[in-house]
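# Reading the structure
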Amino acid sequence: MKKFLTTAFLFTLAAVAFAQGAPAAAPVAKSLFEGQFTAHIALAIAAAGCGLAQGKAVVAACEGVARNPQAAGNIRTTMIIGLALIEALVIYVLVAAFAIK
Amino acid sequence: MEHHPSLLAQWLTQILHLARHAWPGFAHGEPLSVLERYDHLLNALLAALVAMAITTLVRKNLSRIPGPLQQVFEGVVEWVQGMIGDNIAHHGERYLPFIGTMALFVFFNNLFGLIPGLSPATSNWNVTLGAALVVFAYYNFHGMKEQGFGKYWAHFAGPIWWLMPLMFPLEILGLLSRILSHSLRLFGNIAGEHVVAGIFFGLMPLLLPVPMMVLGLFFGLIQTFVFTMLAVIYLSGAVSHEH
């Protein structure tokens, strides 16, 4: 949810930035894959991959808890650590997106 | 990244009549006062003071019949104790003060983003990098203390001697990159959440940011848990003896 919102926000920002920047700035020939646009696309791809991966992790954890409810505590802890490690990859891209400006 | 000083820093700047000037290489030369430039330190200090005040209050009023605040803090201590006990086999309790203090510091800093006018100090990489460096120094120190200097570093060379030239640099690289991942994870999560809440606030200040702030409360807790848990795991990896 958070990453979806972040991505959606960055796209909105991109639309606003392009809309504002277009008339004012001098028409410097610039590749589309340069600057902010790259960051937004990269973040979208990273968020998509992260969503799939986290979904798989949560499915496995839920199945584990359903089969053996007594292990719920351990499974939850392990799952959260795993989710954090997966999420870290998107966070790297987010930091890179912050850096490209 | 643009710099948005917290309202508290701006307010204090006005009250104290601090001079604003440009900072070379920072925020595109925007004029900022010293408090606005270093507002993460202001917020971190404030969070630490609040945490210390609350814990001192609890410490002073310890009783056999715990009040609500004492129950909350007993829960926190038991939670950290459980986490250490699950991961570190022998004498884990000696690490409780450090890990618990760090968890409280990170937690209070994360939650300070939810108070209007303040920004979370953990949404600045300098603060999380500092925390990660302290954890890094702590577990390396205790690893060397528990296992001995030579044995601790020999541990990175791997079991096969002729693979040592390959393994040792890789393991050291992995050890150093832990600092980066440990700090960037906390920073990215809190900063991203804060930015999104800020955008929602910009769209409509009334009620719209509330769902995001609820998520922020949740993520602040989860990120504290993850940061503390990873610190405990790194520590357990450093101090555990191989039998």
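Just so it is clear, the model here is predicted, and its values are computed rather than measured.

### Considerations on the overall build of chain B
- Along the backbone of chain B there are nine helices and two strands.
- In terms of its C-alpha atoms, chain B occupies a principal-axis envelope of roughly 60 × 55 × 35 Å.
- Looking at chain B as a whole, 32% of its 243 residues are labelled buried.
- When contacts within chain B are restricted to residue pairs at least 6 apart in sequence, those whose partners lie at least 24 apart make up 64%.

### Digging into the nonpolar core
- Ranked by internal contacts, the top residues of the largest apolar core, which has 49 residues, are B:Ile84, B:Ile99, B:Val106, B:Ala231, B:Val232, B:Tyr234 and B:Leu235.
- For this core, the elements supplying multiple residues, two or more each, are helix 2 (36-67) and helix 3 (72-99) of chain A together with helix 3 (39-60), helix 4 (68-87), helix 5 (96-111), helix 6 (125-147), helix 8 (164-203) and helix 9 (209-239) of chain B.
- When residues of this core are assigned to their parent elements, the largest contribution, eleven residues, is made by helix 9 of chain B.
- Ignoring any residue separated from it by four or fewer positions in sequence, one finds B:Leu235 in contact with B:Ile88, B:Tyr95, B:Tyr139 and B:His142.

### Considerations on the domain arrangement of chain B
- Along its sequence, chain B is carved into domain 1 (1-37) and domain 2 (43-239).
- Measuring from the centre of the C-alpha atoms in domain 1 of chain B to the corresponding centre in domain 2 of chain B gives 28 Å.

### Some remarks on the UniProt feature "transmembrane region" (unreviewed entry) in chain B
All names here are of chain B.
- The UniProt record marks residues 40-58, 95-115, 121-139, 160-180, 186-208 and 215-235 with the feature "transmembrane region" (unreviewed entry), using the residue numbering of this structure.
- Spanning residues 160-180, this segment combines 81% helix with 0% strand, and its end C-alpha atoms are found 28 Å apart.
- Between the C-alpha atoms that bound residues 186-208 the distance is 25 Å, and the span itself is 78% helix and 0% strand.

### Digging into the UniProt feature "transmembrane region" (unreviewed entry) in chain A
All names here are of chain A.
- Feature annotation in UniProt assigns "transmembrane region" (unreviewed entry) to the following positions: residues 37-59 and 80-100.
- A distance of 33 Å separates the end C-alpha atoms of residues 37-59, which is 100% helix and 0% strand.
- Segment residues 80-100 splits into 95% helix and 0% strand. End C-alpha atoms: 30 Å apart.

### So, the packing of helix 8 of chain B against helix 9 of chain B
Residues and elements named next belong to chain B.
- Interaxial distance between helix 8 and helix 9 falls to 10 Å at its minimum, and their mutual angle equals 175 degrees. With respect to helix 9, the element helix 8 is oriented roughly antiparallel. The segment helix 8 lies against helix 9, with Arg178, His182, Arg185, Leu186, Asn189, Ile190, Glu193, Val196, Ala197, Phe200 and Phe201 engaging Pro209, Met212, Met213, Leu215, Gly216, Phe219, Gln223, Val226, Phe227, Leu230 and Tyr234.
- Here the contact of helix 8 with helix 9 is built from residues that sort into 15 nonpolar, four polar and three charged.

### A few points about the interface of chain A and chain B
- With 14 residues of chain A at the interface, the matching set in chain B holds 16 residues.
- For the side of chain A that touches chain B, the elements supplying multiple residues, two or more each, are helix 1 (2-24) and helix 3 of chain A.
- For the side of chain A that touches chain B, the leading source of residues is helix 3 of chain A, giving nine residues.
- Its residues assigned to classes, the side of chain A that touches chain B comprises eleven nonpolar, one polar and two charged.

### With respect to unusual backbone geometry
Residues and elements named next belong to chain B.
- With a phi close to 55 degrees, histidine 17 is a non-glycine residue in the positive phi region.
- Following the sequence through the fold, histidine 17 ends up in the loop between helix 1 (7-16) and strand 1 (21-22).
- Backbone geometry places leucine 207, a non-glycine residue, at a positive phi of 65 degrees.
- Along the chain, leucine 207 turns up in the loop between helix 8 and helix 9.
- The exposure class assigned to leucine 207 is exposed, which follows from the 8 C-beta atoms found within 10 Å.

Rules and cut-offs
Residues numbered from 1 in each chain as written. Chains lettered and ligands numbered in written order. Predicted model: local features only at pLDDT ≥ 70, side-chain atom pairs only at ≥ 80, totals over all residues. Helix = DSSP H or I, 4+ residues; strand = E, 2+ residues; numbered from the N terminus. Buried ≥ 20, exposed ≤ 12 C-beta atoms within 10 Å, placed from the backbone. Contact = placed C-beta atoms within 7 Å. Core = buried A, V, L, I, M, F, W, Y, C linked by C-beta atoms within 7 Å. Domains from an automatic or database assignment. UniProt positions renumbered as here; feature names shortened; annotations may be inferred. Axes fitted to C-alpha atoms, helices over the stretch in contact; angles between N-to-C directions. Parallel < 35°, antiparallel > 145°, perpendicular 65-115°, else oblique. Nonpolar A, V, L, I, M, F, W, Y, C, P; charged D, E, K, R; others polar.

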